[in-house]
Amino acid sequence: MKNAIPPSWREILKDEFEKPYFLNLESFVKNAYSEGEVYPPKDKIFEAFNLTDFDNVKVVIIGQDPYHEPGQAQGLCFYVPPEIKEPPSLKNIAAELGKKPDFISWAKQGVLLLNATLTVEAHRAGSHQKKGWETFTDEVIAALAKQKENLVFILWGSYAQRKGAFIDRSRHLVIESAHPSPLSAYRGFFGSKPFERANNYLKENNISPIEW
């Protein structure tokens, strides 16, 4: 599984690959894909890392699980392909942005679209939680927070906020708000201006902004 991770990330995360949790995770994921229907497609598990090189990361958006219905999950948090009906959270992100998000463009500009859990069983939300993915993605966030300066971390909802609790606010900008899901979007997500705030911070630190 580690060989599917691009070289820049593999070097940063190399200490993880021989730890018991990762070896167990590798075995679990291999069995899951061989025995049932799992999302995203196997070659898209590490798509967020493939599209956003470690050295190019400017912004990190943290999601929870991949979407669990056919055709939705493609390895980037919140993203679905254009031909797939938009989930409600994605509609609300578009409403806050004022246009349809182009997640692929974001990723190529340096926005790491990272789910906490990178795989899921079809039709079963959260089914691959607590198998080791959370530990791995915690290490991804920790490596970014420790080794880079002036990143923007966008944490929507309590789950993402707990996952980013250790980020040093004196070195990075952490933008927190309610989650864009219909259950909470009106309780602080709408009007939070995460994209504008992210770009203002990047420009203040002489970093080219994202074309959202």
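Our subject is the structure listed above.
Cut-offs used in this document
Residues numbered from 1 in each chain as written. Predicted model: local features only at pLDDT ≥ 70, side-chain atom pairs only at ≥ 80, totals over all residues. Heavy atoms only, no water. Salt bridge = Lys/Arg side-chain N within 4 Å of Asp/Glu carboxyl O. Buried < 20%, exposed > 50% of the residue type's maximum accessible area, 1.4 Å probe, protein only. Helix = DSSP H or I, 4+ residues; strand = E, 2+ residues; numbered from the N terminus. Pairing = 2+ DSSP bridges. Axes fitted to C-alpha atoms, helices over the stretch in contact; angles between N-to-C directions. Contact = heavy atoms within 4.5 Å. Expected span 1.5 Å × (residues − 1). 1 Å grid on protein atoms, 1.4 Å probe; cavity = no way out; pocket = protein on both sides within 12 Å on 5 of 7 lines; lining within 4 Å. Points joined across faces, edges and corners; volume = space filled by probe spheres on them. Nonpolar A, V, L, I, M, F, W, Y, C, P; charged D, E, K, R; others polar. Parallel < 35°, antiparallel > 145°, perpendicular 65-115°, else oblique. Left-handed = near helix turned anticlockwise from the far one by under 90°. Arc of directions from axis to C-beta.

We now examine the pattern of salt bridges. The full count for this structure, using the stated rule, is eight salt bridges. For the salt bridge of Lys14 with Glu11, the shortest nitrogen-to-oxygen distance reads 2.8 Å. With a relative accessible area of 44%, Lys14 lands in the partly exposed category. According to the relative accessible area criterion, Glu11 is partly exposed, its value standing at 47%. For Glu16, the salt bridge identified is with Lys19, shortest N-O distance 3.0 Å. A relative accessible area of 32% means that Lys19 is categorised as partly exposed.

The next thing to look at is the pairing of strand S5 (residues 152-156). Counted residue by residue, S5 has five buried out of five residues, so it is predominantly covered. Burial along S5 is two-sided: Val152, Ile154 and Trp156 facing one way and Phe153 and Leu155 facing the other are all buried. Two strands pair when backbone bridges link them, and strand S2 (residues 59-63) and S5 are joined in this way by four bridges, in the parallel orientation. Looking at S5, one finds that Val60 is bridged to Phe153. The sheet contact formed by S5 and strand S6 (residues 173-177) spans five bridges and is parallel.

Let us now look at the sheet that holds strand S3 (residues 111-115). Remark on secondary structure: sheet strands pair via backbone hydrogen bonds, oriented parallel or antiparallel. Spatially, four strands are ordered S3-S2-S5-S6 in an open sheet, and the strand pairing comes out parallel. Edge positions in the open sheet fall to S3 and S6, since each of these has one partner strand only. For this sheet the average axis-to-axis angle between neighbouring strands, irrespective of direction, equals 20°. Of the strands in this sheet, S2, S3 and S5 are in contact with helix H6 (residues 133-147), which crosses S3 at around 155°. Helix H8 (residues 194-204) contacts S2, S5 and S6 of the sheet and is inclined by roughly 165° relative to S5.

Once that is clear, we can look at H6. An ideal rise of 1.5 Å per residue puts 21 Å on 15 residues; H6 measures up with 21 Å between its terminal C-alpha atoms. Inspection of H6 places Trp133, Glu134, Phe136, Thr137, Val140, Ile141, Ala142, Ala143, Leu144 and Ala145 among the buried residues, and these make up the whole buried set.

Our next topic: the layout of surface pockets. Considered as a void within the structure, the largest pocket measures approximately 490 Å³ in volume. What lines the largest pocket is a set of 30 residues, and nearest its centre among them are Gln64, Asp65, Tyr67, Phe78 and His179. Of all the secondary-structure elements, those providing two or more residues to the lining of the largest pocket are S2, helix H4 (88-97) and helix H7 (157-163). The dominant element in the lining of the largest pocket, judged by the number of residues it contributes, is H7, at four residues. Taken together, the residues that form the lining of the largest pocket break down as 15 nonpolar, 13 polar and two charged.

For the rest of this paragraph, the subject is the packing of helix H2 (residues 20-35) against H6. One can describe the packing of H2 onto H6 by two numbers: an axis separation of 9 Å at closest approach and a directional angle of 125°. For the element pair H2 / H6, the angle class is oblique. For the pair H2 and H6, the crossing hand works out as left-handed. Contact with H2, carried on its side by Tyr21, Phe22, Leu25 and Val29, involves Trp133, Thr135, Phe136 and Glu139 of H6 and no other residues of that element. Of the residues assigned to the contact of H2 with H6, the class counts are six nonpolar, one polar and one charged.

Moving on, we come to empty space enclosed by the protein. Enumeration over the complete set of coordinates arrives at one cavity of 30 Å³ or more. Considered as a void within the structure, the largest cavity measures approximately 40 Å³ in volume. Forming the walls of the largest cavity are Pro40, Ala48, Pro66, Gly75, Leu113, Leu114, Asn115, Thr117 and Leu118. When residues in the lining of the largest cavity are grouped by element, the largest group, three residues, is from S3.

Of all the positions in H8, only Pro194, Phe195, Ala198, Asn199, Tyr201 and Leu202 are classed as buried. Looking straight down H8, one finds that the buried residues subtend no more than 160° of arc, so they occupy a single side. Asn206 occupies a position one or two residues after H8 and carries a positive phi of about 55°.

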